[in-house]
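Now for the letters of each chain:
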Amino acid sequence: MHQATDIFLKMFLDHFNVNPTLFDIFCTCTTVWLIKHLFNFINRLQKLPPGPWGLPIVGYLPFIKKDAYIQMTELGKKYGPVFSFKGGQFDVVVINDGKAIEEAFKNDHLLARPNTTFIPGQDHSIFEMSGETWRQQRRVALTILRNIGLGKSTLEEKIKEEIGLFIDSLKSAQGKLVDFSEVNGLSVANNISILMFGHRFEYNDPFGIELRHNMKQVSDNVDYFTKFIFTTSLSFLIPLAAHFSSDHEKVTSNQKDLEDKVTIEVAKHREKQTTHEIEDYIDGFLQEMDKQKDSNTSFNINTLRRNAADFYAAGSDTTTHVLNFMMLYLVTYPEHQQKIRDEIKQTIGFDRQPDYADRASMPFTMAFIYESLRMSTLVPLNVLRRATQDTKVMNYSIPKDTLVILNFWAVHRDPKLWNDPHSFKPERFLSEDETTVVKSPYLMPFSGGKRICPGATLALIELFLYLVSIVQNFQVSVPKRTKISDESKYLFLRTVKNPVKLNFHTLNEN
Ligand code: HEM
């Protein structure tokens, strides 16, 4: 047998005219390389938390199911609060436990994102950046947004104006069944439009409708968890993966259209630039670009296009979907709807618009909002993070470049943290005498730590003002015998699968 191999080898070398010494060197190098890689592989495997085995090259990716957050929660029960799997060329660590996630929030080595972009082939946006570039972009964005009114009464007044118009539009649909998610989506998007572009769009403005349509086409077709990890971790296959993905074309062309619309807005801002002060994010970014024009930074027009488009998407689709869930809970539990209305009667009445400050005397309403955020868990698996150094969470090792998933779904449905976690019970967020709202540290819909959602406060203001304004003005219901389903759909966001059309019946008090 050995002799036959020698003969075959000699024939092979003669045939291809290969120098035997060079061939020996090549074989030795290859063996050393393979041993080194095998050694590294075993070493890394030993360091990683336990988890399921996968296939060569693709790892566990082919086994990931559509509702990945449920699967990850089940795997957590089997392998422990912190487990790992191979996702293509990357190791992926999933953190399922509340305390472990709190520890991860504080870990500065877990702040980065994967090296590739959300949508393959694009420049990075604030959502996707890492390191110093991300830090700078985030600092500047937050400063601009604060200066133009985020967290101040000026923005609240604009949101209230928007809600006033939205309530009028619901009143004019009196007697008709309303597809709430559609009409509400345009109104919520206007609040982020004011911050990004400095103005709202009329509900029938074709530009505004098209902007929202582009954004929805992107978010409704990005299969973030499965396809995104796949393309991230097998980057050499991106063109191939893109080719086989029917949604890829829809995502890239709509993202481009969305960013082109941002460019149109930027052009309008440039025309009026010289005299006016900073009124919105585009103004602030253009001014920062001017300041930094002589240095090689990420403050350029491409980043502005991407950032403004991502802010627009992150700031409108999210809040809209949570409001959809809230409407579902209002019609499923009319007794809760009535309790909110009772609080409105006691604190605000029916003649003036609510202020965000009213929340201090509306504990049940706040508890309803927190419970809606827990039950809906809009982002069940956090936007991917990446370890920038070897690090640890709860004594589990996370080697450098591992992708890290924080499983908020597992925390929000953990029976050790919540009594009867699958039931909708706002009272769980109330003190025993039901006079104060008690927020749990394990309610983490906006993530946490230094990369926490920068729009969390804006989202809470919107959720409170829309909910209270709706319940103040209407009895929300569905026609008799309508089957209300709380089934959800998951791509990147967890959303209501079959939203029912709603009746907004104007109250006699108004
Ligand atoms: C109910 C509504 C919302 C929910 C549940 C939500 C949730 C989240 C989550 C879980 C993250 C990932 C944070 C991480 O990586 O750890 C995030 C990031 C982000 N959110 Fe929100 N969000 C909401 C509303 C908003 C709004 C209104 C805005 C607009 C101002 C916004 C803008 C962003 C941006 C720009 C990021 C990326 C931040 C970064 O990577 O540094 N979000 N959000």
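As a starting point, this report considers the structure included with it. The model shown is predicted, which means the values in this text are computed figures rather than measured ones.

Considerations on the coordination of the iron atom of the ligand
- For the iron atom of the ligand, the sole protein-derived donor is C453 (SG), lying 2.3 Å away.
- With respect to the helices and strands, the residue C453 is situated in the loop between helix 16 (408-412) and helix 17 (456-473).

As for the site of the ligand
- Every one of the 26 residues lining the ligand counts as a neighbour, but R113, W134, R385, S447 and C453 are closest to it.
- Between the ligand and R138, the relevant distance is 2.9 Å, taken from an oxygen atom to a side-chain nitrogen or oxygen of the residue.
- The side chain of N382 places a nitrogen or oxygen atom 2.8 Å from an oxygen atom of the ligand.
- For the shell around the ligand, the elements supplying multiple residues, two or more each, are helix 5 (131-147), helix 13 (301-332) and helix 17.
- If one sorts the elements of the shell around the ligand by residue count, helix 13 sits on top with six residues.

So, the packing of aromatic side chains
- Overall, the coordinates contain 23 aromatic pairs when judged by the stated rule.
- A connected cluster of aromatic rings, assembled from ring pairs, spans F166, F180, Y466, F474 and F504.
- Its guanidinium or amino end placed over the ring of F127, R113 lies 5.6 Å from that ring's centre, counting from NZ or CZ.
- Note that R359 overlies the ring of Y356, its terminal NZ or CZ placed 3.8 Å from the centroid.

So, the pairing of strand 7 (residues 474-477)
- Side chains of strand 7 alternate between two faces, with F474 and V476 buried and Q475 and S477 left unburied.
- Here strand 7 pairs with strand 10 (residues 503-506) via four bridges, running antiparallel. For F474, the partnering residue across the bridge sits in strand 10 and is T506.

Observations regarding the pattern of salt bridges
- Summed over the entire model, instances satisfying the criterion amount to 29 salt bridges.
- Linking K86 and D91 is a salt bridge whose minimum nitrogen-to-oxygen distance equals 3.1 Å.
- Residue K86 is classed as partly exposed on the basis of its relative accessible area of 27%.
- On the accessibility criterion, D91 (4% relative accessible area) is buried.
- The closest approach of N and O atoms between D358 and R352, which form a salt bridge, is 3.0 Å.

A word on the sheet that holds strand 6 (residues 403-406)
- Spatially, the four strands line up as an open sheet ordered 1-2-6-3, and their pairing is mixed. Strand pairing shows two members of the sheet lacking a second neighbour, strand 1 (82-87) and strand 3 (385-386), which therefore form its edges.
- Inspection of the sheet shows strand 2 (residues 90-95) paired to strand 6 by four bridges, in the parallel sense. Looking at strand 6, one finds that V92 is bridged to L403.
- Where helix 3 (residues 68-79) meets the sheet, it contacts strand 1 and strand 2, and its direction lies at approximately 120 degrees from that of strand 1.

Conventions we followed
- Residues numbered from 1 in each chain as written.
- Predicted model: local features only at pLDDT ≥ 70, side-chain atom pairs only at ≥ 80, totals over all residues.
- Heavy atoms only, no water.
- Donors = N, O, S within 2.8 Å, 3.2 Å for Na, K, Ca; no water.
- Helix = DSSP H or I, 4+ residues; strand = E, 2+ residues; numbered from the N terminus.
- Near = heavy atom within 4 Å.
- Polar contact = N/O pair within 3.5 Å; in protein donor to acceptor, adjacent residues only side chain to side chain.
- Phe/Tyr/Trp six-rings, centres within 6.5 Å; stacked < 30°, edge-to-face > 60°.
- Lys NZ or Arg CZ within 6 Å of the ring centre and 35° of its normal.
- Buried < 20%, exposed > 50% of the residue type's maximum accessible area, 1.4 Å probe, protein only.
- Pairing = 2+ DSSP bridges.
- Salt bridge = Lys/Arg side-chain N within 4 Å of Asp/Glu carboxyl O.
- Contact = heavy atoms within 4.5 Å.
- Axes fitted to C-alpha atoms, helices over the stretch in contact; angles between N-to-C directions.

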